[in-house]
Every structure is written in structure tokens, then in C-alpha cells.
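# Fold and contact review
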Amino acid sequence: MHGRVKVKSTAQQEEEKRKEREKKLKIYVAARDACFSKRKEGIFDDEALQISQQLLSSNPDFATLWNYRREILMHLETVKEEDEVQKIYVAELSFLESCLKVNPKSYGSWHHRWWVSTRLPKPDWARELNLCDRCLSLDDRNFHCWDYRRMVVKMSGVPVDQELAFTDRLIGSNFSNYSSWHYRSTLLPLLHPESPEPTSPATSPPNPPLQQLLKEYELVQNAFFTDPNDQSAWFYYRWLLGRAEREEMISCVYVCRDEERVAVAFSGPVNAQACGLLLVLDGLPQRVEWRSVHPRFKHSPVWICDFPPGTISDIPNEHNLTVHWTEKPTHRDCALYTGRSESWCRDSATDQELFRSELSVEKTSVLQSELQSCNQLQELEPLNKWCLLTIILLMRALDPLGYEKETLAHFQTLKEVDSMRSAYYSDLCSKFMIENTILKMEYAEVRVFSISDKNLTTLCHLDQLLLVTHINLSSNQLQRLPPQFAMLQCLEVLEADNNSIENLEGVYHLPKLEEVILKNNKISSLSDLQPLASCPKLKRLDLRGNPVTQTADVESKLAELLPSVTDLLL
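Keep in mind it's a predicted model, so treat the numbers as computed, not measured.

## Remarks on the pattern of salt bridges
- Taken as a whole and judged by the stated rule, the model has 36 salt bridges.
- Note that Glu-22 is salt-bridged to Arg-18, the shortest N-O span being 2.4 Å. Of the two residues, Glu-22 and Arg-18 both sit in helix H1 (residues 11-40), four residues apart, roughly one turn of that helix.
- Exposure remark for Glu-22: the relative accessible area of 37% places this residue in the partly exposed category.
- Given a relative accessible area of 31%, Arg-18 falls into the partly exposed group.
- Of the charged contacts in the structure, one is a salt bridge between Arg-346 and Glu-442, with a shortest N-O distance of 3.4 Å. In this pair, Arg-346 is assigned in strand S9 (residues 342-346) and Glu-442 in helix H15 (residues 422-444), connecting sequence segments 96 residues apart.
- Judged by relative accessible area, which is 27%, Arg-346 ranks as partly exposed.
- When salt bridges that share partners are traced, they join Glu-97, Arg-113, Arg-127, Glu-128 and Arg-134 into one network.

As C-alpha cells, then:
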């Protein structure tokens, strides 16, 4: 290897090596058995400490021996004076350094070192930091050492700005130091715990001051202009542009007089049966049974319950509902007015800043500048996938609808230059197109969701479509309607023709669904249509162009499976 000529060994030399290995193995096994025997007998003496040290010196990944060694040291704590214990543990740290030379990424050695450091009567944290510096200078991607360093920093109270300067040095010597970038992302929120501008559920947590943000952008630009194909800085850049977890809340309450049903949407998946959900009607708590929209979900963003018959079916009367989420605590009110068959109270995706943030003038200016820089880099590196993907994210942060055409073009380029991840880019593009369509639907104040002929490969954000009555998914590349589709509790018309749909699992207990158009898909058996039997108002079904239509006696079998359907197209 590496230009060295391999010297062939004779049979005699091989035999000598074999015997030497056997001899070492016998010594090792004998020492191991001696250790196991002593531990079994409860012997925690200096000899056991010495034998385990010999074994761990050659094999520092022997977890059982580290455990035995800790038992010995804890016993010695009880029979030695504090000064003696200090000397024993200092010697142990020196021994551990020799183990780390054998294997710098030994789980057992790093864990044991942390254990020893926390039990030292007088720990020397400066020594430990120095050790970390030396190890990281040899291998700046030693994750075990990084973990250990974070614990040492926490215990010793090293200032955050000092650690940030440490990452500056490492990144300055090697832009590809992913661990340093990641460490930096944990330090900035500590250094700037409060944002100078109002935070919202969809902004980065928390926002560094503008000057710090500009410094970070300059740092990553230096990195990816130096080596555009190195992913480390790009991942950090995406973190800078990223969004926080959404605030946990009740985002929508929907009540239907005809079905005497309540649907509640949350900002994320919850277990309503365990999180303390209380329904109050006209000031009186109700005993109702909450259930998820599909039996596969124990945690779901949408939960439903039914009132006893006759509770709210009286059209002349007005009813006031309140849903309390006692675990948080938070609540949401909804009024069902006289003569109304349904009512709802919700925060729109725009109100929640679900897909983009309302940016200050300063931050808009900064992101525009970043977009300009990335566009300049893209001119130099037109096929760089990291640059293309970052441009897409910047465009979405600034104006997702205004940049929709450019976003689609960049996704097409991404699929061509990084064909192995083409499916990922297709799914991500589908997600962004669905987000844009939700925004357009809300701006138009309609309950029709139309996203046909967009090359969709997946469905997402279905909890945001709880109130939709008509959905058009025609002429896409969908292969299934997933269980989350059951969140569309108000759906009346489903158009999904000209896809590749084989599975209808999500068309489950949709109480208002009347019409389903599935022309030219890949539904091949009657069992694939079984979920439709759970939709009590289904009247019209179009299955033309599906393999299932070739089944013998298909019409009579469908009549038996779906007795409510009166208009069947085969």
C-alpha cells in the first residue's frame, strides 16, 4: 500500500507469527478469566486493578472491565484518605490517555474518563480541555472527544464566547470541520438568548443580533466560495436560515350540526386521549370519546368526537363550544349560530406563519443580499447542488409565491445534476407546491384545493385541509392516498384521476364524501377499494382505466361492497 513493496513471508515466518499470536491470546484469556473470577468473588484489590489495566491497555473497548474497574475504584474511595484517592484518580487519568492513544475513539475510554473526572476530589478541568485540544488537533471529527469537551466546558464554566472563538480557530484551519459548525450552532443561542426583534413561531430560535448574523453569513460564504462542494458549511447555512418548532396550540375547532361532530386540529401530532382534552358545550363539560381520524394513529394533529344524538341538531338554537387543552393550558372557542349547519374557528397558515415568516425590513435586506451572493456563486458553479438548494430556501424565506417559477426551474436542475436524490427533490418540490397552494387558497378565501398537473409525488400538510370540501389532485404522480388523508373531514368531492394510485388507505370514514373520481390509476383489486365502504354518503365513483375493472362480475361485487354508490363508472 501507498508505494510500499509487500515483502512475502515464508511458511516458517507465518508459523512463528501464529505461535506468537496464540501465546498472547493465552495470556490475555488467562488474565480475563482471573478478572472475572475476582469480580465474581467480590474482590476489589490492587491486583484486580493491575490485571484490568493490562487487559484494557491492549483492548480499551472491553466494557465489562471498565465496569469492574469502576467498582474497584469506588471501593478504594471507602478505604483511602482523600489525598490518596486524588492520586489514584490522577493516575487513572494518565492510564486513560495511554488507552486513547491505542483507540482515540473508544467509547469505553471516554466514558470512563468522564466518570473519573466527576469523582475527582480536585478536578483539573484545564488539563481536560488541553487534552481535548490535542485530540481534536489530530482528528477534528472525533465525535467522542467533542461530546467530552462539551461536558468539560459545562462543568468548568468556560465562557460561551471563548468556545465560539475556539470554533473560529478550527473552522479557520479547516472549513470542512462539520463538528465545529455544529458546535457553533449550539453556542450562538446561548450567547444570544433573546432576539432583538419580535420572535414568531416560525423564526429561527432565537435570532442572533443582526451584526452577529451578518458575521455568520460572511463566515459561511468564505467557506462555500472556497470549496462549493463541501457540505459542512452549507448545512450550517441552512440552520441559520431555518425555522423553529411551531408553538403548541389548538389551531382549529370545527363543529358540524348534521353529524353532531367536533373536529379539533393541533399545531402538531398529539395524543388527545392522554393530553387532557376537555369539551365544554354551553357552559357544561361533555363526556365524549376522542378518537384519531385513522386507527393507525395514536398521535395525530386532528382528533374528532361525536355528541350524543340530539345534542346540537336543533337548528333554531345557538350553541357555544370551548375546547380546553388542560396540559398546556390553552383553549379555543367556537360558536354554532342559529340556522348554521357548521361553524369553525381557526388560525390560517398565514396567521401561524407556518410556511414563511413576516420579516423585518433589516432581515429582508440581509436575505436579499444572501440570495444575490448565492446567485453569483451559482453563475460560477451552475451545477452545484448545495448552492441551488440554498437559493430555493432563500427564495421561499423571502417570497414563496413570487419565486415559484424560479423554484420549479431550480428543482428541475437539481434532479438532473444529482439524479441519485431525484426522488428527494421531487418530494421536497411537492411539499413546497402544496404550501404555495394552501396560501393561494387562503388568500382567495375558498374551500377548494386544486393542485393538478404539478408532478406531485407525495402529500403533506393535510391537517391544514381540514375544512376543504373539494380537492383536485389530478394528473400528478401520486401512488397512494396515505392515512393522513383522513384528516379531510369536510371533503365532499375527491378528484384524483390520471395518477398511479394503488392504495386508498386514507379515504377512511370521511363523513361528507359524495364523489370520488379515480379514472386512470392502478387500483387492481376490490380489496384496494375497501376503505371507501367506510364513507356513508358516497354516491358517485369513477374507476374507468383501472385494472380492477377487468375483474369478473366487478359491477355486482362493487354493488355489494359499496351499496350507497348509485352512479358507478367502469
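That was the structure; now back to the text.
## Regarding a negative patch on the surface
- On the surface, a cluster of negative charge is made up of Glu-81, Glu-82, Asp-83 and Glu-84.
- Within the element layout of this structure, Glu-84 appears in helix H4 (residues 82-102).

## A word on the UniProt feature "domain: Rab geranylgeranyltransferase alpha subunit insert-domain" (unreviewed entry) in the protein
- According to UniProt, the feature "domain: Rab geranylgeranyltransferase alpha subunit insert-domain" (unreviewed entry) maps to residues 250-349 in the numbering used here.
- Counted over residues 250-349, helix gives 0% and strand 52%. Its end C-alpha atoms are 13 Å apart.

## Considering the pairing of strand S7 (residues 319-325)
- Among the seven residues that make up S7, five are buried, leaving the element largely enclosed by the rest of the structure.
- Of the pairings in the sheet, the one linking strand S3 (residues 277-281) to S7 comprises five bridges and is antiparallel in character. What sits directly across from Leu-278, in S7, is His-324.
- In the sheet, S7 pairs with strand S8 (residues 330-336) via seven bridges, with the strands oriented antiparallel. Bridge assignment links Val-323 to a residue of S8, and that residue is Arg-332.
- Turn length for the S7-S8 hairpin, with the two strands adjacent in sequence and antiparallel, is four residues.

## Details of H4
- Over its 21 residues, H4 runs 31 Å from end to end, which matches the ideal 30 Å to within 8%, given 1.5 Å per residue.
- Listing the buried residues of H4 in full gives Val-85, Gln-86, Tyr-89, Glu-92, Leu-93, Phe-95, Leu-96, Glu-97, Cys-99 and Leu-100.

## Here's the deal with the state of the cysteines
- Applying the stated criterion to the full structure yields zero disulfides.
- Cys-135 provides the cysteine sulfur closest to Cys-99, a residue in no disulfide bond, and the two sulfurs are 12 Å apart.
- We note that Cys-135 lacks a disulfide partner, and the nearest cysteine sulfur, in Cys-145, lies 4.7 Å from it.

## Let's talk about unusual backbone geometry
- In this structure, the amide linkage connecting Lys-328 to the following residue, Pro-329, adopts the cis form with an omega of -10°.
- Its location among the elements puts Pro-329 in the loop between S7 and S8.
- The backbone of Asp-453 sits at a positive phi, close to 55°, despite the residue not being glycine.
- A residue is classified by how much of its surface remains accessible, and Asp-453, at 57% relative accessible area, is exposed.
- The phi torsion at Asn-498 lies on the positive side, around 60°, for a residue other than glycine.
- Inspection of the secondary structure assignment puts Asn-498 in the loop between strand S12 (493-495) and strand S13 (515-517).

## A closer look at the packing of aromatic side chains
- Going through the model one piece at a time under the given rule, you end up with 21 aromatic pairs.
- Between Phe-224 and Phe-225, the ring centres sit 6.0 Å apart and the planes meet at 35°, which makes this aromatic pair tilted.
- Among the residues examined, Phe-224 registers a relative accessible area of 0% and is labelled buried.
- Through a chain of ring-to-ring contacts, three or more aromatic side chains come together here, namely Tyr-217, Phe-224, Phe-225, Trp-234 and Tyr-237.
- Over the face of the ring belonging to Phe-166 we find Arg-149, whose NZ or CZ atom lies 3.6 Å from the ring centre.
- Its guanidinium or amino end placed over the ring of Trp-325, Lys-328 lies 5.4 Å from that ring's centre, counting from NZ or CZ.

Conventions adopted
Residues numbered from 1 in each chain as written. Predicted model: local features only at pLDDT ≥ 70, side-chain atom pairs only at ≥ 80, totals over all residues. Heavy atoms only, no water. Salt bridge = Lys/Arg side-chain N within 4 Å of Asp/Glu carboxyl O. Helix = DSSP H or I, 4+ residues; strand = E, 2+ residues; numbered from the N terminus. Buried < 20%, exposed > 50% of the residue type's maximum accessible area, 1.4 Å probe, protein only. Patch = residues over 30% accessible without salt bridge, like charges linked within 9 Å, V, L, I, M, F, W, Y side chains within 5 Å. Areas by Shrake-Rupley, 256 points an atom, 1.4 Å probe, with all protein chains shown as cover. Lys, Arg positive; Asp, Glu negative; His and termini not counted. Charge placed at Lys NZ, Arg CZ, Asp CG, Glu CD. UniProt positions renumbered as here; feature names shortened; annotations may be inferred. Pairing = 2+ DSSP bridges. Expected span 1.5 Å × (residues − 1). Disulfide = S-S within 2.5 Å. Phe/Tyr/Trp six-rings, centres within 6.5 Å; stacked < 30°, edge-to-face > 60°. Lys NZ or Arg CZ within 6 Å of the ring centre and 35° of its normal.

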